Amino acid sequence: MMLRKVFLGTGLALLMATSALAQVERREVGQLVYEGAPAISPELQATISPYYEVRAATFEDWLADGSMLAATRFGQTEQIHHIAQPLGARTQLTFFDEPITVATAQPGATRFAYRRDEGGSEYYQGFLRDLSGQEVRLTRPETRNSDFVFSKDGRQVAWSQVTPGDPNYDIMIAEAANPDGRRVVLEGEGAMSPLEISADGGRMLLTRYNSVADVELFVLDVASGDLTRLGPSDRKVHYAGAAFGPGAASVVTLSDDGSEMTRPVVFDLATGAMRDLDPGATWPAEGFDLSPDGRTIAYVVNEEGYSKVVLRDVASGRVLPGPDLPQGVLTALKFSPDGARLGLSLSTYNASGDVWSYDLASRELTRWTESELGGLDAGRLVEPELFRYTTFDDRSIPAFIYRPEGAGGKLPVVIQIHGGPEGQELPSFSARRQSWVKELGAAVIIPNVRGSSGYGKTYLSLDNAEKREDSVKDIGALLDWVAQQPDLDASRVAVVGQSYGGYMALAVAAHYNPRLVGVIDLYGISDFATFLENTEGYRRDLRRAEYGDERDPAMRAVFEQIAPINMSDRMKKPMMVYQGANDPRVPQSESEQMVAKLRDQGTEVWYVLAKDEGHGVHKKANQEQVRAMEVQFLQKVLNTQP
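Residues numbered from 1 in each chain as written. Predicted model: local features only at pLDDT ≥ 70, side-chain atom pairs only at ≥ 80, totals over all residues. Heavy atoms only, no water.

A.B. asks: Hey, could you go over the packing of helix 5 (residues 468-484) against helix 6 (residues 500-511) for me, with residue numbers and the actual values?
C.D. replies: How two helices pack is summed up by the angle between their axes together with the distance between the axes. With their axes 10 Å apart at the nearest point, helix 5 and helix 6 run at an angle of 70° to one another. Between helix 5 and helix 6, the interaxial angle falls into the category roughly perpendicular. By crossing handedness, the relation of helix 5 to helix 6 is classed as right-handed. Seen from helix 5, the contacting residues are R468, E469, S471, V472 and I475; seen from helix 6, they are Y500, Y503, M504, A507, V508 and H511. Classifying every residue of the contact of helix 5 with helix 6 gives 7 nonpolar, 2 polar and 2 charged. (Axes fitted to C-alpha atoms, helices over the stretch in contact; angles between N-to-C directions. Helix = DSSP H or I, 4+ residues; strand = E, 2+ residues; numbered from the N terminus. Parallel < 35°, antiparallel > 145°, perpendicular 65-115°, else oblique. Left-handed = near helix turned anticlockwise from the far one by under 90°. Contact = heavy atoms within 4.5 Å. Nonpolar A, V, L, I, M, F, W, Y, C, P; charged D, E, K, R; others polar.)

See the structure below:
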């Protein structure tokens with residue numbers, strides 16, 4: 001550990017100004033740099049560490065022999081493991097400092113494709129690796145690669161590739177036996193990705209993501225390069241995934257065309273006609289897989305945040321028997337190569353996440369992993385309660401609340417706001433939220449304000465562009481709700497948010513500062529104009545579609561009005577800010593210009609910078625320290641005893 005007195009140095013012109021910045025203490029502990037933050041007490045660190053000893057397993061894919069690939073952690077980061085049989089040993093297959101959380105099996109082989117990051121920069125390289133650890137590189141250096149898809153016979157692999165600063169993704173293809181022969185099969189426009197290769201290898205399903213409400217679906221003729229768009233061209237439609245039906249005569253996908261909710265539909269490729277498999281769906285479908293014979297679709301329905309697996313016969317739309325799962329959140333779903341089983345993984349409030357299989361014939365659910373809670377007592381973990389509150393325009397806003405059991409007196413409150421903005425807070429396992437409940441004795445509220453996914457496309461669009469601050473008003477209405485609850489202490493409320501949720505936390509700090517005691521902003525947007533100018537080029541246009549275009553004078557004027565950094569004079573309460581130095585999404589400059597402005601005006605700021613992280617906190621050693629610092633900050637501002 002290094003300890004010294006320095007002036008906060010960010011390389012930004014703001015910090016080089018002659019305004020009197022208070023001298024702050026700077027410490028380096030491992031890969032973390034602390035500025036203006038006190039040392040974490042050893043007792044608190046020891047208390048918080050067990051929460052991050054928790055392990056989870058996520059189903060990744062089936063191998064040809066019926067064994068599984070799963071992502072789990074036995075060291076500092078998640079890696080890919082092989083599981084030969086139910087409750088068998090998890091044999092680690094990848095061994096890297098960076099987390100490896102995506103793996104796609106090569107049909108008919110014991111190899112899999114995976115992507116590898118470096119320092120959280122998200123410039124992924126792709127590799128083919130076998131069970132013995134032998135691997136070959138698939139991709140070209142200094143490119144960003146993802147979405148690996150194999151042909152049915154396993155001979156070819158396709159993926160998307162983009163170069164720094166370029167918003168247009170190319171579609172690549174290579175022989176799995178000869179990756180150096182990779183070639184561009186389509187010079188893409190926008191954020192294009194492959195979804196599936198037809199059985200004869202002649203066609204490929206592609207998607208282009210323009211925004212969460214506007215996702216296009218195409219069929220590519222591999223030989224000629226001709227693209228055929230599916231669905232209407234006169235309106236925006238959201239498609240999620242796609243697969244060829246039997247004989248590649250049809251395409252199955254999820255669509256919200258003509259409906260508030262995304263649900264499974266079938267396109268006839270000869271006529272272009274669309275057939276609805278779930279007309280009148282009241283909750284959205286969020287992911288699916290098609291059986292190898294194309295006859296059965298399995299998909300996940302999100303009912304108020306809880307997952308339900310539905311199986312249907314594609315020809316008739318008839319519902320088939322499906323698994324009866326515990327109430328929780330599904331994290332993966334895929335048919336086995338023979339179509340006899342479904343592989344899936346699930347997380348609940350008191351179980352971190354495990355892998356299961358469901359036998360379609362016997363209807364038996366079989367557990368493949370038993371993940372550890374790191375010494376935590378599952379029986380003492382708090383189950384969240386779903387509730388709704390009314391906001392300024394009489395809309396009903398869904399939220400979950402965790403209340404500590406047996407607590408006396410009025411409870412302090414922590415409000416956590418998700419990122420996205422088109423994300424959704426879910427009642428899955430969260431070591432972080434459980435630690436706030438138990439170690440702070442706080443009620444924890446996770447709202448899904450307007451703009452959240454999971455509640456239909458109208459709700460999703462309610463915060464777009466100039467309506468951005470309407471979602472902030474939803475938090476104001478939540479503060480009103482807190483004040484009306486006899487067991488909650490409205491004088492002790494803190495707000496936490498990450499990424500877009502970090503913007504929300506900053507905006508709430510500006511608009512409702514007298515009603516808060518403190519704020520934690522993790523890699524949040526402090527100024528939409530500078531964010532859009534500095535985010536990575538491959539995602540800039542995608543963010544403009546959501547937030548607005550800073551090059552448009554009218555939109556830039558809106559950004560000037562709503563930028564948290566321009567309202568910093570209202571932010572008087574203490575703040576903790578965390579940032580990953582290699583973040584390609586919300587760059588370091590967004591946090592550091594906010595820290596500089598707050599310090600310049602005399603607001604207390606605890607700043608934590610991770611030198612080896614990107615967007616988030618992914619490495620166990622960093623998690624333990626950053627989350628302990630969050631708890632220490634919340635203990636102070638909420639005035640709770642350790």
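Moving on from the coordinates now.
A.B. asks: Requested: an account of the packing of aromatic side chains, with residues and values cited.
C.D. replies: The tally for this structure, following the rule as stated, stands at 21 aromatic pairs. Geometrically, the ring pair formed by F387 and W481 is stacked, given 4.2 Å between the ring centres and 15° between the ring planes. With F387 in strand 32 (residues 385-390) and W481 in helix 5, the pair connects residues that are 94 residues apart, well separated along the chain. Residue classification places F387 among the buried residues on the basis of a relative accessible area of 10%. Take W481: its relative accessible area is 14%, and that puts it in the buried class. Relative to F633, the ring of W606 lies with its centre 5.1 Å away and its plane at 80°, an arrangement referred to as edge-to-face. Taken together, the residues W606 in strand 39 (residues 605-610) and F633 in helix 11 (residues 620-638) connect sequence positions 27 residues apart. (Phe/Tyr/Trp six-rings, centres within 6.5 Å; stacked < 30°, edge-to-face > 60°. Buried < 20%, exposed > 50% of the residue type's maximum accessible area, 1.4 Å probe, protein only.)

A.B. asks: Explain the sheet that holds strand 27 (residues 319-320) residue by residue, including any values.
C.D. replies: Read across the open sheet, the 4 strands follow the order 24-25-26-27; overall the sheet is antiparallel. Whereas interior strands pair on both sides, the edge strands pair on one side only; in this sheet they are strand 24 (285-290) and strand 27. Inspection of the sheet shows strand 24 paired to strand 25 (residues 296-303) by 5 bridges, in the antiparallel sense. When the bridges of strand 25 are listed, G287 appears paired with V300. (Pairing = 2+ DSSP bridges.)

A.B. asks: An account of the packing of helix 3 (residues 431-440) against helix 11 is needed here, citing residue identities and associated values.
C.D. replies: As a packed pair, helix 3 and helix 11 sit with axes 11 Å apart at the nearest point and diverge in direction by 40°. It follows that helix 3 is oblique to helix 11 by the angle criterion. Here helix 3 and helix 11 pass one another in a crossing that is right-handed. Contacts between helix 3 and helix 11 involve R432, S435, W436, E439 and L440 from the first element and R627, E630, V631, L634, Q635 and L638 from the second. Broken down by class, the residue content of the contact of helix 3 with helix 11 amounts to 5 nonpolar, 2 polar and 4 charged.

A.B. asks: Describe the side chain of Q106, naming the residues involved and giving the relevant values.
C.D. replies: Note on placement: Q106 falls in the loop between strand 8 (103-105) and strand 9 (111-116). Only 2.9 Å separates the side chain of Q106 from the backbone oxygen of G154, close enough to count as a polar contact. What Q106 contacts, discounting residues up to four positions off in sequence, is R111, F112, L128, F150, G154 and A176. (Polar contact = N/O pair within 3.5 Å; in protein donor to acceptor, adjacent residues only side chain to side chain.)

A.B. asks: Outline the sheet that holds strand 15 (residues 178-186), supporting the account with residue identities and numerical values.
C.D. replies: Reading across the sheet, the 4 strands line up as 12-13-14-15 and stay open at both edges, with antiparallel pairing between neighbours. Lying at the two open borders of the sheet, with one neighbouring strand each, are strand 12 (144-150) and strand 15. Neighbour to neighbour, the strand axes of the sheet diverge by 30° on average, direction disregarded. Bridge count for strand 14 (residues 170-175) against strand 15 is 4 bridges, and the pairing is antiparallel. The residue bridging M172 from the neighbouring strand is V184, located in strand 15.

So, to be careful, I would describe these as geometric facts and stop short of saying anything about function.
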